[in-house]
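# Structural characterization, general
What follows is the residue order along each chain.
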Amino acid sequence: MIIWVNEQIDPSGLIYSCIATCDEQQAKDCHESFEKNLTEIQKSEGWVARLRTVNSWEEVPVSALKLS
């Protein structure tokens, strides 16, 4: 099973926001939204939006909103 994990990460490396889903299109839409919500100032400070995949729910950060 592939699980798509979207994360907004602050400059210190802490996960600010996280959403996980098995739906690839939903994950890509969420990633686009995460990217758009970062201001130019945040980006220059080191904030990033990351989309990655994992193989089990155990690999998803605890703080994630999990969508079916």
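Everything discussed here concerns the structure shown above.
Residues numbered from 1 in each chain as written. Predicted model: local features only at pLDDT ≥ 70, side-chain atom pairs only at ≥ 80, totals over all residues. Heavy atoms only, no water.

### Examining the pattern of salt bridges
Across all of its chains, the model carries 5 salt bridges by this definition. For Lys-28, the salt bridge is made with Glu-24, and the minimal N-O distance between the two is 2.9 Å. Of this pair, Lys-28 and Glu-24 both sit in helix α1 (residues 24–37), 4 residues apart, roughly one helical turn. By relative accessible area, which is 40% here, Lys-28 ends up partly exposed. Across the pair Glu-32 and Lys-36 runs a salt bridge whose closest N-O atoms are separated by 3.1 Å. Taken together, the residues Glu-32 and Lys-36, both in helix α1 and 4 residues apart, mark about one turn of the helix. With relative accessibility at 43%, the residue Glu-32 sits in the partly exposed group. Linked by salt bridges that have partners in common, Glu-7, Arg-50 and Arg-52 make up one network. (Salt bridge = Lys/Arg side-chain N within 4 Å of Asp/Glu carboxyl O. Helix = DSSP H or I, 4+ residues; strand = E, 2+ residues; numbered from the N terminus. Buried < 20%, exposed > 50% of the residue type's maximum accessible area, 1.4 Å probe, protein only.)

### Observations concerning the environment of Leu-51
You can see Leu-51 is positioned in strand β3 (residues 48–54). Overall, Leu-51 belongs to the partly exposed group, its relative accessible area being 27%. Separated by 24 residues in the primary sequence, Leu-51 and Ala-27 place their C-alpha atoms 7.8 Å from one another.

### Some remarks on the sheet that holds strand β4 (residues 65–67)
Sheet architecture is open: 4 strands sit in the order β3-β1-β2-β4, paired in mixed fashion. A strand with exactly one partner marks an edge of an open sheet, and here the two such strands are β3 and β4. Strand-to-strand twist in this sheet, taken as the mean axis angle between neighbours without regard to direction, amounts to 15°. Of the pairings in the sheet, the one linking strand β2 (residues 15–21) to β4 comprises 3 bridges and is parallel in character. In the sheet register, Thr-21 faces β4, and the bridge partner there is Leu-67. Running over the sheet, α1 touches β1 (3–9), β2, β3 and β4 and is turned about 5° from β1. (Pairing = 2+ DSSP bridges. Axes fitted to C-alpha atoms, helices over the stretch in contact; angles between N-to-C directions. Contact = heavy atoms within 4.5 Å.)

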